[in-house]
Amino acid sequence: MSKWAGKYVIGVTGNIGTGKSVVRKMLEHLGAYGIDADALGHRSIAKGAPGYKPVLETFGKYVLGADEQIDRSKLSRIVFTDPEALPLLEKIIHPLVDQAIDMIIRRATQRVIVVEAIKLIEANIRKNCDSLWVTYTPPEFQLSRMINNRHMTESEARQRMASQPPQERKMAAADVIIKNVGPFEDTWSQVVAAWKKNVPTGAGAAPIYQVVKTRAAQGDITILRGNPRNSHEIAHFMNRNKKAFRSLQKDDIMAAFGEKAFLLLQLGDELMGLIGWQVENLIVRTTDILLDPAISADQALPPLISEMERASRDLQCEASLIFAPIELAKMDSVWKNLGYEHRTPQTLGIQAWQEAASETMPPDTMLFFKQLRQDRILRPI
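An account of the accompanying structure is given in this report. Since the structure is predicted, the reported quantities are computational estimates derived from the model, not experimental observations.

Some words on the side chain of Lys-370
Stage number 1. In this structure, Lys-370 sits in strand β13 (residues 365–371).
Stage number 2. The class of Lys-370 is buried, set by a relative accessible area of 16%.

Okay, structure coming up:
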């Protein structure tokens, strides 16, 4: 058993482009608390954070960008071309990530924890996992995903793949193997089956969401968690209320569940609104806000946003980033009453927050920001 009393810890690993994050997100939908160890590693070397100075002392100021932050692309070129460089970087980052993971797990209310890390087997966290899950994808799928999703050149992708141990080595150590080669629904079925088989009944995860009921001028409002079974209903609602280049299908929404969660707003028994949001690196990002014209935004937004925040605080989120469509962004009084400020990514101050906003911000939206907690993980010292 893991060193964290009362917790059941799942370690998820696999080579690049095999779908580790998708499996972690699926486990979160089942109620686990998810930790992205690689994202914590990035935090640990931000300017002022504990790993910043040791990285500069080891690799030199060449790795700095114009903003004096460590340029991870420069650092990657060093560590993935020089076999002796990567262990030096890991010696700096791994102890800091271990400390952060320990703190997060100890204060988590959920009893099932999932830790995703590409180097999980080699790191100290492995010996504290109750179950090791490995994702597998054929090399040609890996290559395609790295080129199309991560925008690498073919030579960069092949170099990154060659720098990692064979997938078979990780599979040999696995308690569970998830073959991520088919549609989302097939991967989801494998994850659900493995959860039922491996996660002890007594470790049942604490619910992240709750049903919220409130009164509005138009009638009774219910806020509830969306799940993959709602994919057809969500697709139909989005097609009815959102201008898109093509009609969304059930499979599109099933795939979206690999990246985000949905909160649904019902007026009576009818779906009248939703938000799509994701938690990564202790930051919640709300990228989809869609309301039926028949319900007023000042009635619909407060219960949706409040429930998103409640669930996000339970996930230890430090900041909330909402990307509001222009027509909703104009409702100054609503955002002010909810405690949000209009910002640009550059004004957020914290590197992790800036990067999250810049990477995520959809076109034709405005950014609204709210800090959810003061005690930040791996905060600058």
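Picking up after the structure, the text goes on.
Comments concerning unusual backbone geometry
What is expected of a backbone is that most residues other than glycine have negative phi and most peptide bonds are trans.
Stage number 1. Positioned with a positive phi, Glu-68 is a non-glycine residue whose angle comes to about 70 degrees.
Stage number 2. Positionally, Glu-68 belongs in the loop between α3 (52–59) and α4 (72–79).
Stage number 3. Under the relative-accessibility criterion, Glu-68 is labelled partly exposed at 43%.
Stage number 4. Unusually for a residue other than glycine, Leu-282 sits at a positive phi of about 65 degrees.
Stage number 5. Along the chain, the position of Leu-282 falls in the loop between β9 (270–280) and β10 (283–291).

Concerning the pattern of salt bridges
Stage number 1. For the structure shown, the criterion picks out 23 salt bridges.
Stage number 2. The salt bridge involving Arg-24 is made with Glu-116; its shortest N-O contact spans 2.5 Å. Of the two residues, Arg-24 sits in helix α1 (residues 20–29) while Glu-116 sits in strand β3 (residues 112–116), which places them 92 residues apart along the sequence. The same class applies to Arg-24 and to Glu-116, which are both buried.
Stage number 3. The partner of Arg-313 in a salt bridge is Glu-309, with the nearest N and O atoms 3.5 Å apart. Separated by 4 residues within a single helix, Arg-313 and Glu-309 lie in helix α12 (residues 297–314), roughly one turn from each other.
Stage number 4. Within the structure, one salt-bridge network assembled from shared partners comprises Arg-24, Lys-25, Glu-28, Asp-36, Glu-116 and Glu-280.

Thoughts on the pairing of strand β1 (residues 8–13)
Stage number 1. Across the 6 residues that make up β1, a large majority, 6, are buried.
Stage number 2. As judged from the 5 bridges shared by β1 and β3, these two strands associate in the parallel manner. Bridge pairing links Gly-11 to Val-115 in β3.
Stage number 3. With 4 bridges joining them, β1 and strand β4 (residues 131–136) adopt parallel strand pairing. The residue of β4 that forms the bridge with Val-12 is Trp-133.

Criteria and cut-off values
Residues numbered from 1 in each chain as written. Predicted model: local features only at pLDDT ≥ 70, side-chain atom pairs only at ≥ 80, totals over all residues. Heavy atoms only, no water. Helix = DSSP H or I, 4+ residues; strand = E, 2+ residues; numbered from the N terminus. Buried < 20%, exposed > 50% of the residue type's maximum accessible area, 1.4 Å probe, protein only. Salt bridge = Lys/Arg side-chain N within 4 Å of Asp/Glu carboxyl O. Pairing = 2+ DSSP bridges.

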